[in-house]
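These are the residues of each chain, in order.
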Amino acid sequence: MRSLFGLLLVAVLCAGCGRRVTPVEDGNRRQILHLGNFADPSDLDPHTNRGVPESRILNALFEGLATLDPNTLEPIPGAAERWEVSEQATRWRFFLRKDAKWSNGDPITAEDWVWSVQRMLTPTVASDYANMTFAIVNALEYQTGKLKDFSQVGVKALDRHTLEFTLKQPTPGFASICTIYVLFPVHRPTLEKFGGDQRPYTSWTRAGNHVSNGPFMLKDWRVSTVVSLVPNPHYHSAAQVRLKEIRFYPIESADTEERMFRAGQLHATAEVPLAKLDGYRKNDPGNLRITPYYGTYFIDVNTRRPPLNDPRVRRALALTVDRTALCELVTRGGQMPAYSFNFPGVGGYQLGGKIEGDANEARRLLAEAGFPGGQGFPKLEFLFNTSEAHRPIAEAVQQMWKKELGIDIALANQEWKVYLNARKTGDFSLARAGWIAFYPDPDQFASLLHSKSGNNYTGWGNADYDRLLEESQRTPTNDERFALLRQLDVIFAREVPLIPVYFYTRIFLLRPEVKGFPPNAQDFRRYRDIYLEAPAPAP
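Residues numbered from 1 in each chain as written. Predicted model: local features only at pLDDT ≥ 70, side-chain atom pairs only at ≥ 80, totals over all residues. Heavy atoms only, no water.

## Notes on the environment of N104
Thought 1: Position of N104 relative to the elements: it lies in the loop between strand 7 (91-96) and helix 4 (110-121).
Thought 2: According to the relative accessible area criterion, N104 is partly exposed, its value standing at 40%.
Thought 3: Separated by 3.0 Å, the side chain of N104 and the backbone nitrogen of D106 make a polar contact. (Helix = DSSP H or I, 4+ residues; strand = E, 2+ residues; numbered from the N terminus. Buried < 20%, exposed > 50% of the residue type's maximum accessible area, 1.4 Å probe, protein only. Polar contact = N/O pair within 3.5 Å; in protein donor to acceptor, adjacent residues only side chain to side chain.)

Below is the structure:
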């Protein structure tokens, strides 16, 4: 963090008066936005993105065929100026902007999008979010290696500026899927030059190499210090972009980030320290933002490891997490206790089942599994990424399990990239996790637990669950689809492959100088619309 402080604490002398100004004051004048951003991104490749710190940057660097209206969260034209949908919603035709160019000035064509989809689905790229595109004909078969001929996948360039997707089932929400970074385009010559066409994590994502199609492009990436973006002069709506630079600072400590905000070094934080939340409510509510957030905070359970392979043990653990106490006494940010993975009410959906029971049932289940009173239960480890927000939750849950079940759970925290790799490779027993919907639909939660989902790190799979989910994705009406999804809720509550804790709210600090930054339940930021407006001088 020393390099970060060195960067931000360099004061700027106010011309003509000798007064030192803060980075925020200087940024207001020069349209430089300073943002706290949790952690260093694991990479800046849209096809291998695995978390929120990366997605915030990627949404400024890239633009999908459609993007989101930040006020309504409805899909609106992005890199495509319009689209047409067949009557059955199985054929989608996108008409690209004819003036679209990459950040290096190359024209963007429909063939670029076809190649980008192929690259994303390439098995060796191992895109965690590839399952979001499995509505496309033969996308699943190609991504799993069953199909070798990509020409059989349902994406075609009809001409230089017309792209067509053929879907295997009616998918009215496909435009929303096209807003997700897994379907962002990537620049083929650049990836091939640096070996990124067949594998992830190559140097094409570094400053000086990176090519993108969004309103901003990569200027600098100094690990543990800053990711800096500047306007893309070749962006189709470059004249509408008002910011001259965005700087994302990887700050894993919420306390450090909050001090930097108070010192005028950040326009917005990624979070607020739990211990400071009540103080901001009382003394500085104008800078505090608490908004709904379509997401679930949960504990990943590695069902490959005994005794977590026993659903009785998983249910016992889930039943002894006092979610109400956590929300009221620990997080205190308006979060709702979660007894299901699926976010209730999303898209009008009503749950079909949830985790129910009490501590007495939990103790009975643990005894049935061979661990009466916790005797003989192995000492497992609860993993979380470094953050003041996650540690008190982990400590509270650790105490709950000790009190109610008599079991000892060790705690371990890891830096963001190490933590991500541990979850992906299955090197954990229990791990803190979160899932944010890309668009408001219950399938966004249910599909994570499909056995072939790249984000299902639990090792759990259930043939009935997969079958019902796949059937729901072929069903034309919401009534029929929701009926099938409710059966998945019942399976989830019985099997408990992960332990839901609470439904998120977004809690962060934001200065009033930041404009074009409306709150929304997906924390989506349309950076082309954001600008800074310095406050009027005090009389």
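Moving on from the coordinates now.
## Details of the sheet that holds strand 12 (residues 245-249)
Thought 1: Pairing within the open sheet is mixed, and its 4 strands lie in the order 3-12-11-10. Among the strands making up the open sheet, the edge pair consists of strand 3 (32-36) and strand 10 (216-222). Going across the sheet, the axis of each strand differs from the next one's by a mean of 20 degrees, ignoring polarity.
Thought 2: Bridge count between strand 11 (residues 226-231) and strand 12: 3 bridges; the pairing is antiparallel. Across the sheet, residue L229 finds its bridge partner in strand 12, namely I246. (Pairing = 2+ DSSP bridges. Axes fitted to C-alpha atoms, helices over the stretch in contact; angles between N-to-C directions.)

## Thoughts on the side chain of R423
Thought 1: As for its placement among the helices and strands, R423 is situated in helix 14 (residues 416-425).
Thought 2: Overall, R423 belongs to the buried group, its relative accessible area being 9%.
Thought 3: Excluding residues that lie within four positions of it along the chain, R423 makes contacts with F298, D300, F428, A431, R432, A433 and Y457. (Contact = heavy atoms within 4.5 Å.)

## Regarding the nonpolar core
Thought 1: L121, F165, F174 and W401 are the most contacted members of the largest nonpolar core, which totals 149 residues.
Thought 2: Not counting residues within four places of it along the chain, the set of residues in contact with F165 comprises L65, T90, R91, W92, F94, V117, I136, G154, V155 and F174.
Thought 3: Within the second largest apolar cluster, 12 residues are counted, among which are V226, Y249, M260 and V272. (Core = buried A, V, L, I, M, F, W, Y, C linked by side-chain atoms within 4.5 Å.)

## Topic: the packing of aromatic side chains
Thought 1: Taken as a whole and assessed by the stated rule, the structure comprises 31 aromatic pairs.
Thought 2: Taking the centre distance of 6.4 Å and the plane angle of 20 degrees together, the rings of W92 and F94 count as stacked.
Thought 3: Measuring from ring centre to ring centre gives 6.5 Å for F94 and F174, while their planes differ by 55 degrees; the resulting arrangement is tilted. One end of the pair, F94, is in strand 7; the other, F174, is in helix 6 (residues 174-177), and 80 residues separate them in sequence. F174 matches F94 in its accessibility class, with the two residues each being buried.
Thought 4: Three or more aromatic residues link up through ring pairs in this structure, and these residues are Y294, F298, F341, F343, F445, F492 and F503.
Thought 5: Note that R82 overlies the ring of F95, its terminal NZ or CZ placed 3.9 Å from the centroid.
Thought 6: When the ring centre of F261 is taken as reference, the NZ or CZ atom of R511 above it lies at 4.2 Å. (Phe/Tyr/Trp six-rings, centres within 6.5 Å; stacked < 30°, edge-to-face > 60°. Lys NZ or Arg CZ within 6 Å of the ring centre and 35° of its normal.)

## Comments concerning the pattern of salt bridges
Thought 1: Summed over all chains, the structure comprises 34 salt bridges.
Thought 2: Across the pair D26 and R30 runs a salt bridge, and its minimum N-O distance is 2.9 Å. Residue D26 and its partner R30 are both found in helix 2 (residues 23-30); the two are separated by 4 residues, about one turn of the helix.
Thought 3: With its nearest N and O atoms 2.3 Å apart, the salt bridge here joins K424 to D128. Of this pair, K424 sits in helix 14 while D128 sits in the loop between helix 4 and helix 5 (139-143), and the two are 296 residues apart along the sequence.
Thought 4: Overall, the relative accessible area of 34% leaves K424 in the partly exposed class.
Thought 5: Within this structure, R56, R506, D523 and R525 form a network of salt bridges that share partners. (Salt bridge = Lys/Arg side-chain N within 4 Å of Asp/Glu carboxyl O.)

## Side note on the layout of surface pockets
Thought 1: Approximately 770 Å³ is the volume found for the largest pocket.
Thought 2: Forming the walls of the largest pocket are 36 residues, and the residues nearest its centre are Q169, T171, Y439, D443 and Q473.
Thought 3: Secondary structure elements with two or more residues in the lining of the largest pocket: helix 5, helix 6, helix 15 (443-446), helix 16 (463-473) and helix 17 (478-495).
Thought 4: With 4 residues, the single largest contributor to the lining of the largest pocket is helix 16.
Thought 5: Of the residues in the lining of the largest pocket, the class split is 13 nonpolar, 15 polar and 8 charged. (1 Å grid on protein atoms, 1.4 Å probe; cavity = no way out; pocket = protein on both sides within 12 Å on 5 of 7 lines; lining within 4 Å. Points joined across faces, edges and corners; volume = space filled by probe spheres on them. Nonpolar A, V, L, I, M, F, W, Y, C, P; charged D, E, K, R; others polar.)

## As for the packing of helix 10 (residues 311-319) against helix 12 (residues 359-368)
Thought 1: Relative to each other, helix 10 and helix 12 sit at 155 degrees, their axes nearing to 8 Å. Regarding the angle of helix 10 to helix 12, the classification is roughly antiparallel. You can see that helix 10 and helix 12 cross each other, and the crossing is left-handed. Contacts from R312, V313, R315, A316 and L319 of helix 10 reach helix 12 at E361, A362, L365, L366 and E368.
Thought 2: Within the contact of helix 10 with helix 12, the residues separate by chemical class into 6 nonpolar, no polar and 4 charged. (Parallel < 35°, antiparallel > 145°, perpendicular 65-115°, else oblique. Left-handed = near helix turned anticlockwise from the far one by under 90°.)

## As for the side chain of R97
Thought 1: Considering the arrangement of structural elements, one finds R97 in the loop between strand 7 and helix 4.
Thought 2: One buried charge, R97, has no salt-bridge partner; the nearest side chain with opposite charge is E63, at 5.0 Å. (Lys, Arg positive; Asp, Glu negative; His and termini not counted.)

## As for empty space enclosed by the protein
Thought 1: Tallied over the entire structure, the rule returns 3 cavities of 30 Å³ or more.
Thought 2: Counted as a void, the second largest cavity has a volume near 70 Å³.
Thought 3: Lining the second largest cavity, in full, are S340, F341, N342, F445, A446, L449, Y465, L488, D489 and F492.
Thought 4: When residues of the lining of the second largest cavity are assigned to their parent elements, the largest contribution, 3 residues, is made by helix 17.
Thought 5: Across the lining of the second largest cavity, the residue classes break down as 7 nonpolar, 2 polar and 1 charged.

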